Amino acid sequence: MSKNIKKITITKPDDWHVHLRDNFILNRVINYTGQFYKRAIIMPNLYNPIVDCKKSIAYRDRILKSMKFNCKFQPLMTCYLTESTSIKELERGFYEKIFIAAKLYPIRSTTNSNKGIKKIDNVYFILKRMEEIGMPLLIHGEETDLNIDIYDRESKFIENTLKPLRLKFPKLKIVLEHITTKEAIDYIKENDPFYLSATITPHHLMFNRNDMLIHGIKPYFYCSPILKRKNHQIALRQAIARGDKHFFLGSDTAPHLDHHKINKTGQAGIFNAPSSLLAYITVFEEMNALNQFESFCSKNGPKFYNMPINKEKITFVRKPFKVIKKIQIGNNIIIPFLSGQTLNWSVYI
Ligand code: NCD
Ligand code: ZN
């Protein structure tokens, strides 16, 4: 495919990694995801995390009620794994389709992860059951030992935690979320995608740490895992451009109120829902790989989760799209990814 392409139609995508928060933030952000995606995996790291079926059902109801349009958006809920998660509860949630997966946050790895896992061995008994019932484990793959350099957190996690875990539970279905390194790409591509896959965000595809740290520090690029060196960004871009089935769309859209980001200790997370899909198409075009766009957005994810591919279609046209500058929430604002910038592609309505 070439730059002469003016219009492209694909199966409607799903976003396999989304943070919606709750209450007033949820109300303001949900329609951005609902407008572009048919289904989305909703991350459970609320201030009061979603740790059981009751909380999940109530949260799902709040999500559906907050949608402005009666669109057919489907939130897919996850359980926040703690060291005291009950196997019975997890299993019931999975069998009754309350949970599609469980999310593992190493303790203090990211936003609201203080109830996360201290030592992965402490939850091996849970992972064993998940392996038996085929319940996917979604992992925030970073070591949190403060002796490990922040830029090595992901690669060390693969060596120290993920590889031993996969040896112990080879049939456990795992998604390594928002991968950022060449090490992650190299390790994942050697494995069976039915058991090990990964999501990739638009920001890790578009930028590297130079973009965040040269000519003034850019807090809106600050996220977890942190942006890496350019060679890692290139490895991610090449992986999606060659159409590798291990990788699929997970935007990790993560809204934070501006005064929490612009602070003495600014929070990690990039709110990209208003532009994520158009940012991805931009990267695929830059890589001259628009022919791989649909499988990354709409096919590899459902295949991993053993779900049907969406019937709906979405059409993109080569027409400038200006990303909204800010979102007002009462007296607060949220600044989105690529705020005020213009992208080359729009959704055809
Ligand atoms: C996410 C958030 O804010 O909830 N932040 C982030 O930097 N990605 C959590 C996460 O996915 O790590
Ligand atoms: Zn996330």
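Residues numbered from 1 in each chain as written. Chains lettered and ligands numbered in written order. Predicted model: local features only at pLDDT ≥ 70, side-chain atom pairs only at ≥ 80, totals over all residues. Heavy atoms only, no water.

For the chain, the name recorded in an unreviewed UniProt entry is Dihydroorotase, with Buchnera aphidicola as its organism. In its Catalytic activity (unreviewed entry) section, the UniProt entry covering the chain states "(S)-dihydroorotate + H2O = N-carbamoyl-L-aspartate + H(+)". Annotation of the chain in UniProt includes, under Subunit (unreviewed entry), the sentence "Homodimer." (UniProt positions renumbered as here; feature names shortened; annotations may be inferred.)

### Some remarks on the site of ligand 1
In the neighbourhood of ligand 1, 15 residues make up the surrounding shell, with Arg21, Thr110, Thr111, Ser224 and Asp252 lying closest. Between His19 and ligand 1, the recorded distance is 3.1 Å, taken from a side-chain N or O atom to an oxygen atom. Interatomic distance of 3.1 Å between a backbone N/O atom of Ala268 and an oxygen atom of ligand 1. For ligand 1, the protein covers 100% of the area, taking 310 Å² as the surface of the free molecule. Residues that form the shell around ligand 1 fall into these classes: 3 nonpolar, 10 polar and 2 charged. (Near = heavy atom within 4 Å. Polar contact = N/O pair within 3.5 Å; in protein donor to acceptor, adjacent residues only side chain to side chain. Areas by Shrake-Rupley, 256 points an atom, 1.4 Å probe, with all protein chains shown as cover. Nonpolar A, V, L, I, M, F, W, Y, C, P; charged D, E, K, R; others polar.)

### Some points on the coordination of the zinc ion (ligand 2)
Bound to the zinc ion (ligand 2) on the protein side are His17 (NE2), His19 (NE2) and Asp252 (OD), at distances that span 2.0 to 2.1 Å. With 4 donor atoms in place around the zinc ion (ligand 2) and angles of 94 to 136° between them, the coordination shape is irregular. In primary-sequence terms, the residues that donate to the zinc ion (ligand 2) follow H-x1-H-x232-D. Of this pair, His17 sits in strand E2 (residues 15-18) while Asp252 sits in the loop between strand E9 (247-249) and helix H10 (258-261), and the two are 235 residues apart along the sequence. The same class applies to His17 as to Asp252, namely buried. (Donors = N, O, S within 2.8 Å, 3.2 Å for Na, K, Ca; no water. Tetrahedral: all angles 85-135°; square planar, octahedral: opposite > 155°, others 65-115°. Helix = DSSP H or I, 4+ residues; strand = E, 2+ residues; numbered from the N terminus. Buried < 20%, exposed > 50% of the residue type's maximum accessible area, 1.4 Å probe, protein only.)

### Considering the UniProt feature "binding site: Zn(2+) 2" (unreviewed entry) in the chain
Mapped onto this structure's residue numbering, the UniProt feature "binding site: Zn(2+) 2" (unreviewed entry) falls at Lys103, His140 and His178. Taking the farthest pair of C-alpha atoms as the criterion, the annotated set spanning 76 residues converges on one region, since that pair is 12.8 Å apart. The contacts of Lys103, once residues within four sequence positions are left out, are His17, Met43, Pro44, Cys79, Tyr80, Leu81, Leu138, Ile139, His140 and Glu177. In this structure His140 touches Lys103, Leu104, Tyr105, Pro106, Ser109, Thr110, Phe157, His178, Ser224 and Pro225, once residues within four positions along its chain are discounted. (Contact = heavy atoms within 4.5 Å.)

### Some thoughts on the environment of Thr11
Positionally, Thr11 belongs in strand E1 (residues 7-11). Here the alpha-carbon distance between Thr11 and Glu96, two residues 85 residues apart in the chain, equals 27 Å. Sequence-distant contacts of Thr11, defined by excluding residues within four places in its chain, comprise Glu294, Ser298, Ile309, Asn310, Glu312, Lys313 and Ile314.

### Topic: the nonpolar core
As a rule of thumb, nonpolar side chains are buried together in soluble globular proteins. Among the nonpolar cores identified, the biggest contains 98 residues, and Leu127, Leu165, Leu176, Ile179 and Phe316 are the most heavily contacted of them. Grouped together as the second largest cluster of nonpolar side chains are 13 residues, Met43, Tyr80, Tyr105 and Leu138 included. (Core = buried A, V, L, I, M, F, W, Y, C linked by side-chain atoms within 4.5 Å.)

### Things to note about unusual backbone geometry
Here the residue pair Ser224 and Pro225 is connected by a cis peptide bond, since its omega of -10° sits within 30 degrees of zero. With respect to the secondary-structure elements, Pro225 resides in the loop between helix H8 (209-213) and helix H9 (230-241). Phi at Arg21 takes a positive value of approximately 60°, unusual for a residue other than glycine. By the element assignment, Arg21 lies in the loop between E2 and helix H1 (23-36).

### Describing the sheet that holds strand E5 (residues 101-104)
Across the sheet, 8 strands lie side by side as E2-E3-E4-E5-E6-E7-E8-E9; this open sheet has parallel pairing. What marks the edges here is a single partner per strand, and that holds for E2 and E9. Adjacent strand axes in the sheet meet at a mean angle of 30°, parallel and antiparallel pairs treated alike. Sheet topology places E5 next to strand E6 (residues 137-139); 3 bridges connect them, and they run parallel. (Pairing = 2+ DSSP bridges. Axes fitted to C-alpha atoms, helices over the stretch in contact; angles between N-to-C directions.)

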